[in-house]
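# Observations on the model geometry
Each chain, written out:
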Amino acid sequence: MRLYGGWDQHECRGGTVRQSNEMDQETRDQAFMRHAQVLAARAAELGEVPVGALVVLDGVVIGEGWNRPISSHDPTAHAEIMALRQAADKVGNYRLVGAELYVTIEPCTMCAGAIVHARIARVVFGATEPKAGAVVSNGCVFDQTWVNHRPEYQGGVLAQECSEQISDFFRSRRAQKKRLKVTNGQIPDGTNSE
């Protein structure tokens, strides 16, 4: 078992996890993760799943993103992709060598692939994503032998808060759908159908 930011997770083959014991690294990671949570809130305001991401190079944010696939009619408009695009545009290169990516939820396979192609040095995520996460939950993309770049990764930074942000969003969405059904007479008022 490897330790990911304070919680146990199954081991990926050949993992490149570096658990930092330095308090300033932990404080820095938490500060950037809080920034990512603010970006995730922007997605929620648009009715999108609240995921936020940012790319940091030499301690400076060079790219920000939040989920926008629904509002932009773009299935690739995940928070990580949006942050990578902005960062690449800012530096004038699709390679983001030495950069770190912070994201509130474990990246999916598509985003993990983009992270590899961008040559991100380190990925820090908040909560795991048991269904679609591809860093530690499913597939362990960064640890595959066929991957030509292996970023370091660390999960669990503000995991509880990041997980609650997603859970609160879906709880609110379910309640809103139920209210609509009650209003439209599809469910009798006072019936618990969850």
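Fair warning: this is a prediction, and the values are worked out from it, not measured in the lab.

Before going further, it helps to examine the overall build of the protein. Regarding its fold elements, the protein presents five helices and seven strands. Taken over 194 residues, the protein has a buried fraction of 43%. Taking contacts inside the protein between residues at least 6 apart in sequence as the whole, the part at least 24 apart equals 57%. Total accessible area on the protein stands at roughly 10200 Å², and carbon and sulfur atoms take up 51% of it.

Between helix α3 (residues 79–91) and helix α4 (residues 109–118), whose axes approach to 9 Å, the crossing angle comes to 20 degrees. Judged by the inter-axis angle, α3 sits roughly parallel to α4. Relative to α4, α3 is oriented so that their crossing is left-handed. Taken together, the residues of α4 that come into contact with α3 (itself represented by E80, I81 and L84) are M110, C111, A114, I115 and A118. The class makeup of the residues in the contact of α3 with α4 is seven nonpolar, no polar and one charged.

Another aspect to go through is the side chain of R119. Note on placement: R119 falls in the loop between α4 and β6 (122–127). The residues touching R119, leaving out its near neighbours within four places in the chain, are R95, L96, V97, G98, N148 and H149.

This part takes up α3. Compared with an ideal rise of 1.5 Å per residue, which puts 13 residues at 18 Å, α3 spans 19 Å between its outermost C-alpha atoms and is within 8% of the ideal. In this structure, the buried side of α3 is in contact with β3 (52–57), β4 (60–66), β5 (100–105) and α4. Once α3 ends, the next one or two residues include G92, with phi positive near 75 degrees.

Rules used in this analysis
Residues numbered from 1 in each chain as written. Predicted model: local features only at pLDDT ≥ 70, side-chain atom pairs only at ≥ 80, totals over all residues. Heavy atoms only, no water. Helix = DSSP H or I, 4+ residues; strand = E, 2+ residues; numbered from the N terminus. Buried < 20%, exposed > 50% of the residue type's maximum accessible area, 1.4 Å probe, protein only. Contact = heavy atoms within 4.5 Å. Areas by Shrake-Rupley, 256 points an atom, 1.4 Å probe, with all protein chains shown as cover. Axes fitted to C-alpha atoms, helices over the stretch in contact; angles between N-to-C directions. Parallel < 35°, antiparallel > 145°, perpendicular 65-115°, else oblique. Left-handed = near helix turned anticlockwise from the far one by under 90°. Nonpolar A, V, L, I, M, F, W, Y, C, P; charged D, E, K, R; others polar. Expected span 1.5 Å × (residues − 1).

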